Structures are given as C-alpha cells and as structure tokens.
Amino acid sequence: PKYLEWETKINNLSTGEQLYNIMINEVKNCNEDIILLDEWDANLDKNKMILIDQLIDDISSRKVVIEVRHRFN
C-alpha cells in the first residue's frame, strides 16, 4: 500500500490496520467493477482477517472480487 496513491492516511498503523482502512475507505467505494486482491491476508492476525474477509464479502455483493489467499498449513 505504501507505493500506491491512497487518500487514506496509513502512516504509523499496523499492516492489518492499514489494509482495513484502505479497504473500507478506498476499495469499498471505488468506481471499479473488478477488484484484484493478491495475498491480502498475509501477515494479518486472525481478528483482522475475519473483519477484512467480511468486508470483502460485502464488496463482492456489488463488484467482482478476485483474490489470491495466503495459504496456512
């Protein structure tokens, strides 16, 4: 996220907080019809993964969401 031009300020936030804030403020309301998410769940704790996964479910009711998930054993 630090290499993209986000309007949402993500300085001094954990990885999970950064992703959650970007998803809720930028991705959820963007004008794009297709959202690509690449290993968005890497390095997140279980609570943040659940919150973001619920948000993705909500977004996918209005947009096409293609996601690559981080694999856990």
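Please refer to the structure higher up on the page.
These figures come from a predicted structure and were not determined experimentally.

### Some details on unusual backbone geometry
Here comes step 1: The backbone phi angle of asparagine 12 is positive, close to 65°, even though this residue is not glycine.
Here comes step 2: With respect to the helices, strands and loops of the structure, asparagine 12 is situated in the segment before helix H1 (15-27).
Here comes step 3: Even without glycine at this site, glutamate 39 takes up a positive phi of about 45°.
Here comes step 4: With respect to the helices and strands, glutamate 39 occurs in the loop between strand S1 (34-38) and helix H2 (46-59).

### A word on H2
Here comes step 1: Helix length check: H2 (14 residues) gives 20 Å between terminal C-alpha atoms against 20 Å at 1.5 Å per residue, within 8%.
Here comes step 2: For H2, every residue scored as buried is listed here: Met49, Ile52, Leu55, Ile56 and Ile59. Buried residues of H2 fall within an arc of 130° about the axis and therefore sit on the same side. Exposed and facing more than 90 degrees away from the buried side of H2 are Lys46 and Asn47.

Conventions we followed
Residues numbered from 1 in each chain as written. Predicted model: local features only at pLDDT ≥ 70, side-chain atom pairs only at ≥ 80, totals over all residues. Heavy atoms only, no water. Helix = DSSP H or I, 4+ residues; strand = E, 2+ residues; numbered from the N terminus. Expected span 1.5 Å × (residues − 1). Buried < 20%, exposed > 50% of the residue type's maximum accessible area, 1.4 Å probe, protein only. Arc of directions from axis to C-beta.

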